[in-house]
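Read off the chains here:
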Amino acid sequence: MKRITIYDVAKEADVSLATVSRVINDSSVVREDTRLRVQEVIERLGYKPNAVAQGLALSKTTTVSIVMSEKLLSYNAKILNGLMDVANIYHYNVMFHTTSKGISKMQDVIESIIKSRVDGVILFNDNFSEEEMNVLNEYKIPMVIVGGKFDGPKHDHVGNVYVDIEKIANELVKDYFAKGVDDIAIVEDKLNLSMMKQMKKGAEEAFKEAGKEFKNYLSYNDTYKTSYEYFSDYLKENKPHKLNICFRDSQAIALLNAAKENGYKVPEDLEIITILDSKYLPMMRPTITAYNIPDYDMGALAMRMLTKMLVSNDDKGVEKSIEIQASPLIRETTK
């Protein structure tokens, strides 16, 4: 027979984990109608509270799960530092899950999260499907999605701290239209497909508003092991686009090197911009234009948001959507 957990009670009563825990601990802050509903579910399901459930409301221990892609660890290091610093302030126990193809899929991570009875989840918006998100939503686990803007259904137990990649791409394309440039390409990043979807959407909307059609989405198949190999071949057969928008530093560097090796000058023949900045971009010649994103602040704000969601008696009273502003770092690959 399946063992009934606090997650089952929360799901059946349509409340948060913290509310169930407060009812268990006879807290006075729970509304009477909510208390009665939760108690009815507890009795009907035969739930037996354990130390973990009681500790949630009493703040004896709080366990938070952080989920991110293994291949993006280096790019998200500053966000992770912000998350961990705030987690340490509140003495949280942190479970760290990394995902990678064929080794630790999101389905396995979700199963681990549910079995571990974590109190909250920080989820990087890079590699989960709508179906997987729905599984987590069924258990009403307080969750903050960090990174890109989450376009899925709104839930009281889901927050989002994000950079609006779609808006960045849209405004960038419009800026170049104003300069008389419409030969614009976006380079696909297969490790960040959710971000690529937003970048592409932003560009498409800008083109549509100008009465044009966006066609230059550069994607390569698995016959190429690296983006550098792809660009080397591509530029032997095609002229470079006037503006090339990348997401990560490695793509921008690969395009820059391939362009120079094929006899093109940057920024005279082509301009290159990447969304994510890194310590390597100012080392290149020419230096590569990027965006300054306050990654540490993003992580700290995400953990603080989750903390408020865990302790708040009114989920709707917590601000669950915070946009982080990015600013351009103009360097030598743009005019």
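Predicted model only: the values in this text are computed from it and were never measured.

Quick notes on the pairing of strand β3 (residues 120-124)
Phase 1: Most of β3 sits out of view: five of its five residues are buried.
Phase 2: Neither face of β3 is open: one carries Gly 120, Ile 122 and Phe 124, the other Val 121 and Leu 123, and all of them are buried.
Phase 3: In terms of strand pairing, strand β1 (residues 63-69) meets β3 through four bridges, oriented parallel. From the neighbouring strand, Ile 66 faces β3, where its bridge partner is Ile 122.
Phase 4: Summarising the sheet, β3 and strand β4 (residues 143-148) pair through four bridges and their orientation is parallel. Among the inter-strand pairings, Val 121 is bridged to a residue of β4, identified as Met 143.

Focus on helix α10 (residues 227-237)
Within an α-helix, residues lying three or four positions from one another point in the same direction, as the helix has 3.6 residues per turn.
Phase 1: Three or more residues of α10 are buried, namely Ser 227, Tyr 230, Phe 231, Ser 232, Tyr 234 and Leu 235.
Phase 2: Contact partners of the buried residues in α10: β6 (184-187), β7 (217-218) and α11 (249-261).

Quick look at the layout of surface pockets
Phase 1: Considered as a void within the structure, the second largest pocket measures approximately 630 Å³ in volume.
Phase 2: Lining of the second largest pocket is provided by 28 residues; of these, Tyr 75, Asn 76, Leu 276, Asp 277 and Asp 295 occupy positions nearest its centre.
Phase 3: Taken together, the elements giving at least two residues each to the lining of the second largest pocket come down to α5 (77-89), β4, β10 (289-292) and α12 (295-311).
Phase 4: In terms of residue count, α5 provides more of the lining of the second largest pocket than any other element does, three residues in total.
Phase 5: Here the lining of the second largest pocket is composed, by residue class, of 15 nonpolar, seven polar and six charged.

Let's talk about the pairing of strand β9 (residues 271-276)
Phase 1: Of all six residues making up β9, six are buried, and the element is well covered by its neighbours.
Phase 2: Looking at chain direction, strand β8 (residues 243-246) and β9 are connected through four bridges and run parallel. Looking at β9, one finds that Leu 243 is bridged to Glu 271.
Phase 3: For the crossover that starts at β8, traverses α11 and ends in the parallel β9, the hand is right-handed.
Phase 4: In this sheet, β10 lies alongside β9 in parallel orientation, the contact comprising two bridges. From the neighbouring strand, Leu 276 faces β10, where its bridge partner is Tyr 291.

Conventions used here
Residues numbered from 1 in each chain as written. Predicted model: local features only at pLDDT ≥ 70, side-chain atom pairs only at ≥ 80, totals over all residues. Heavy atoms only, no water. Buried < 20%, exposed > 50% of the residue type's maximum accessible area, 1.4 Å probe, protein only. Helix = DSSP H or I, 4+ residues; strand = E, 2+ residues; numbered from the N terminus. Pairing = 2+ DSSP bridges. Contact = heavy atoms within 4.5 Å. 1 Å grid on protein atoms, 1.4 Å probe; cavity = no way out; pocket = protein on both sides within 12 Å on 5 of 7 lines; lining within 4 Å. Points joined across faces, edges and corners; volume = space filled by probe spheres on them. Nonpolar A, V, L, I, M, F, W, Y, C, P; charged D, E, K, R; others polar. Right-handed = clockwise from strand over helix to strand, strands pointing away.

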